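As a plain string of letters, each chain reads:
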Amino acid sequence: MKLLPLRTGVRWKIAVAIAAVGALIAVTLSIVVHNAARISMLDNAREVQMERLLFAQRMYETSKPKEPRFGTKINDPALPPQLDQLMRDKRRGTYVQEHRHGGPPDVWAAVPLANGDVLSLHIPFADRSATIMNDLDRALVIGSVSVVFGGCALGVLIGGQLSRRLRKAAVAAGRVAQGNTDVRVRDAVGGVVRDETDDLAWAVDALTDALNERIEAERRVTADIAHELRTPVTGLLTAAELLPPGRPTELVRDRAQAMRTLVEDVLEVARLDSASERAELQEIALGEFVERRVRALDPEVVVRVVHESWVNTDPRRLERVLGNLLANAAKHGKPPVEVTVEGRVVRVRDHGPGFPEALLKEGPSRFRTGTSDRAGQGHGLGLTIAAGQARVLGARLTFRNVAAEGAPDGVGGAIAVLWLPDHAPTNTGSFPILRMPD
């Protein structure tokens, strides 16, 4: 049985750690204070007991007839063995006798007499002293609990501040991972106090800058290569038109045209990566527009308009997205290909083997056409361009597979869904700020 990982926040880990350390220190100090106080009170009781016994000894030796007084006894058979040994050595002493059944201990004092007898006195530990010890123990328990709760509260406060900074850093790093390279993690973290969170933020910002520089360098190299290839490819295509008719000529023209399409696609991808593209907006009826464009691209595609909606978008870029999605469905899927328009949502579905798992997890990637059952032709730029044009439109393009009964591996086709925004992007590529009426 696989156990699920227990996820806890930094603030609670710090709070538990501080509370545990506080509890350990409080318990240790309480035990030390309790034992020290008990030993001190017992020592004081032993001294008082010895003074009483010495006073009783003087009264015993000077009185006639000699009789033990003040509760003292001669040769008490209950004398503890430790004191009995001292008496044999002709030494006086005190002893604290604990009881197995609990309760207050007995404080003994004994002195040897000149005639060889032993005068002893023992009384239970004073009730007042026991009350003082109980009050001390109660105060120690209350203090220990207060220390634990105070440490827990302090840990929550300190850990909460650190946790908030880490969450801000994580959110900012997530936005960077989504492509918002202008976000600075250090600015998002903020704060006056410098700690390891700031070092982490600086490191993430430095990594982001280095990656941006590398990506920009690669984009420029790709764009430059594609731009340089444009002229010779155009010349090659022109020269192919001059060849005499025949099968070899058709093959040359076909390959030259494919190379020209590849060069144009690479240039388009480079422009989309540079984030310099801007949408030219027009108000259009989405259902009518999609139906007309799809009929022109592929008359065999089934188009259904469930709900008409007017949108403010760039028709040219929208047509480019639709064309690439339909081309991908025709090339890698199986008929029938269906296009459904419902409000601001456009769905393109085929009945083929579905999208590759890598595409579903990571999204479209250039020059990757997926698995052999949904690839084999093209350069993997169609969906990459469609996703890039969707970003320019402020739209969202998602991909998923449909399970169907009786289909191999439960796959019944691939669906690409284009979600057009409620509000068109501004000329800066962002979205306008809506002001609510007063």
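Here is what the cut-offs are and how they apply
By convention here, each chain's residues receive numbers from 1 onward along its written sequence. Reporting in this predicted model follows two pLDDT cut-offs: at least 70 for local features of residues, and 80 or more for side-chain atom pairs to be given and counted; totals over whole chains, interfaces and linings ignore these cut-offs and use all residues. Only hydrogens and water are removed before side-chain values are computed, so all heavy atoms of the structure are retained for them. UniProt positions are given in the numbering used here, feature names are shortened, and annotations may be inferred rather than shown by experiment. Method remark: on a 1 Å grid restricted to protein atoms, a set of points is classed as a cavity if a 1.4 Å probe fits but cannot get out and as a pocket if it is open with protein on both sides within 12 Å along at least five of seven lines; lining residues have an atom within 4 Å of a point. Grid points are joined across faces, edges and corners, and a volume is the space filled by probe spheres set on the points. For helices the rule is a DSSP run of H or I covering at least 4 residues; for strands it is a run of E covering at least 2, with both sets numbered from the N terminus onward. Charged residues are taken to be Asp, Glu, Lys and Arg, nonpolar residues to be Ala, Val, Leu, Ile, Met, Phe, Trp, Tyr, Cys and Pro, and polar residues to be all remaining types, Gly included. Salt bridges are defined by distance alone: a side-chain nitrogen of Lys or Arg within 4 Å of a carboxyl oxygen of Asp or Glu. Whether two strands pair comes down to DSSP finding at least two bridges between them. Contacts were defined at the residue level, with two residues in contact if any of their heavy atoms lie within 4.5 Å. Helix axes are fitted only over the stretch in contact, all axes being lines through C-alpha atoms; the angle between N-to-C directions runs from 0 to 180 degrees. Patch rule: a residue counts if its relative accessible area is over 30% and it has no salt bridge; like charges are joined within 9 Å, and nonpolar side chains (Val, Leu, Ile, Met, Phe, Trp, Tyr) within 5 Å. We get accessible surface area from the Shrake-Rupley algorithm with a probe of 1.4 Å; when it comes to residues, only the shown protein chains can shield them. Burial classes follow relative accessibility: with a 1.4 Å probe on protein chains only, a residue under 20% of its type's maximum area counts as buried, one over 50% as exposed, and anything between as partly exposed. Orientation is classified from the angle alone, with under 35 degrees giving roughly parallel, over 145 giving roughly antiparallel, 65 to 115 giving roughly perpendicular, and any other angle giving oblique. For any helix crossing, the convention is left-handed if the near helix is rotated counterclockwise from the far helix by under a right angle, and right-handed if that rotation is clockwise. The rule is short: rings of Phe, Tyr and Trp, with Trp giving its six-membered ring, pair when the centres are within 6.5 Å, and they are stacked under 30 degrees, edge-to-face over 60, tilted in between. As a reminder, the over-ring test applies to NZ of lysine and CZ of arginine, requiring each to be within 6 Å of the ring centre and within 35 degrees of the ring normal. To estimate how far a helix should extend, the number of its residues minus one is multiplied by 1.5 Å. In protein, a polar contact requires one atom able to donate a hydrogen and another able to accept it; more generally it is a pair of N or O atoms within 3.5 Å, and residues adjacent in sequence count only if both atoms are side-chain atoms. To form a nonpolar core, buried Ala, Val, Leu, Ile, Met, Phe, Trp, Tyr and Cys residues must be joined to one another through side-chain atoms within 4.5 Å. Confidence per residue, as judged by the predictor, is encoded in pLDDT with a range of 0 to 100.

As annotated in an unreviewed UniProt entry, the protein is histidine kinase from Streptomyces tanashiensis. The Subcellular location (unreviewed entry) comment attached to the protein in UniProt states, word for word, "Cell membrane". Its UniProt record gives the protein the following Catalytic activity (unreviewed entry) comment, quoted word for word: "ATP + protein L-histidine = ADP + protein N-phospho-L-histidine."

A. View of empty space enclosed by the protein. Here the structure, examined in full by the defined rule, presents one cavity of 30 Å³ or more. Around the largest cavity sit 11 residues that line it, and Leu 325, Asn 328, Val 348, Phe 355 and Ala 416 are the ones nearest its centre. Among the elements of the structure, helix 8 (315-332) and strand 11 (411-419) are those that each provide at least two residues to the lining of the largest cavity. Sort the elements by how many residues they give to the lining of the largest cavity and helix 8 lands first, with three residues. A breakdown of the residues in the lining of the largest cavity according to their chemical character gives eight nonpolar, one polar and two charged.

B. Region of interest: the pattern of salt bridges. Counting across every chain of the model gives five salt bridges. Ionic pairing is found between Arg 88 and Asp 84, a salt bridge with its closest N-O pair at 3.1 Å. Within this pair, Arg 88 and its partner Asp 84 are both found in helix 2 (residues 81-88), separated by four residues, close to a single helical turn. Note that Glu 342 is salt-bridged to Arg 347, the shortest N-O span being 3.5 Å.

C. A look at the sheet that holds strand 2 (residues 93-97). Pairing is antiparallel in the open sheet, where four strands are placed in the order 1-4-3-2. At either end of the open sheet lies a strand with only one pairing partner, and these are strand 1 (73-74) and strand 2. One ladder, built from seven bridges, connects strand 3 (residues 106-112) with strand 4 (residues 118-124); its direction is antiparallel. Directly across from Val 111, in strand 4, lies its bridge partner Leu 119. In this fold helix 1 (residues 10-62) packs onto strand 1, strand 2, strand 3 and strand 4, with an angle of close to 40 degrees to the strand it touches most, strand 3. Across the sheet, helix 2 lies against strand 2, strand 3 and strand 4, angled at about 170 degrees from strand 2, the strand it touches most.

D. Spatial organisation of a nonpolar patch on the surface. Among the surface-exposed residues, Val 21, Ile 25 and Leu 29 lie close enough to one another that they form a single nonpolar patch of about 280 Å² accessible area. With respect to the helices and strands, the residue Ile 25 is situated in helix 1. Relative accessible area serves as the criterion here: at 47%, Ile 25 is assigned to the partly exposed category.

E. Inspection of the packing of helix 7 (residues 286-297) against helix 8 at higher detail. Contact pair helix 7 / helix 8: the axes reach a minimum separation of 10 Å and the direction vectors enclose 50 degrees. In terms of orientation, helix 7 lies oblique with respect to helix 8. In this structure, the crossing between helix 7 and helix 8 has a hand that is right-handed. Together, Leu 286, Phe 289, Val 290, Arg 293, Val 294 and Leu 297 of helix 7 and Pro 315, Leu 318, Glu 319, Leu 322, Gly 323 and Leu 326 of helix 8 make up the contact between the two elements.

F. Examining unusual backbone geometry more closely. Look at the link from Pro 335 to Pro 336: it is a cis peptide, with omega at 0 degrees. Residues other than glycine seldom take positive phi values, yet Asn 75 does so here, at roughly 50 degrees. For Asn 75, the location among the structural elements is in the loop between strand 1 and helix 2.

G. Geometry of the packing of aromatic side chains. Applying the stated criterion across every chain yields a total of one aromatic pair. Ring plane angle 80 degrees and centroid distance 5.2 Å describe the contact between Phe 355 and Phe 399, whose orientation is recorded as edge-to-face. In this pair, Phe 355 sits in the loop between strand 9 (345-349) and helix 9 (357-362) while Phe 399 sits in strand 10 (residues 396-403), placing the two residues 44 residues apart along the sequence. Of the two residues, Phe 355 and Phe 399, neither departs from the other in class, the shared state being buried. Taking the ring centre of Trp 419 as reference, the NZ or CZ of Arg 396 above it sits at 5.0 Å.

H. Region of the structure containing helix 8. In this model helix 8 runs 26 Å from its N-terminal to its C-terminal C-alpha over 18 residues, within 8% of the 26 Å that 1.5 Å per residue would give. Listed in full, the buried residues belonging to helix 8 are Pro 315, Arg 317, Leu 318, Val 321, Leu 322, Asn 324, Leu 325, Leu 326, Asn 328, Ala 329 and His 332. The distance from a side-chain oxygen at the start of helix 8 to the backbone nitrogen of Arg 316 is 3.1 Å, and the residue carrying that oxygen is Asp 314.

I. Highlighting the side chain of Gln 49. The topology assignment puts Gln 49 in helix 1. Classification of Gln 49 as buried rests on a relative accessible area of 1%. Here the side chain of Gln 49 touches Leu 121 through a polar contact of 3.5 Å, landing on its backbone oxygen. Not counting the four nearest positions on each side in its chain, Gln 49 is found in contact with Val 107, Trp 108, Ala 109, Leu 121, His 122 and Ile 123.

J. Region of the structure containing the nonpolar core. Core analysis: the biggest nonpolar cluster contains 33 residues, and Val 290, Leu 325, Val 339 and Leu 418 have the highest contact counts within it. For this core, the secondary-structure elements that each account for two or more residues are helix 7, helix 8, strand 8 (338-342), strand 9, helix 10 (382-392), strand 10 and strand 11. A total of six residues in this core trace back to one element, the largest contributor, which is helix 8. Ignoring sequence-local partners within four residues, the contact set of Leu 325 consists of Val 348, Leu 383, Ala 386, Leu 397, Phe 399 and Ala 416. With nine residues, the next largest nonpolar core counts Leu 54, Tyr 60, Leu 113 and Leu 121 among its residues.

K. Spotlight on the confidence of the model for the protein. Mean pLDDT over the protein: 77, with 81% of residues reaching 70 or higher. Across residues 370-378, where pLDDT falls below 50, the model places 23 contacts with residues more than four positions away in sequence or in other chains. Residue range residues 426-438 is modelled with pLDDT below 50. Its contacts to residues more than four positions away, or to other chains, number 13 contacts.

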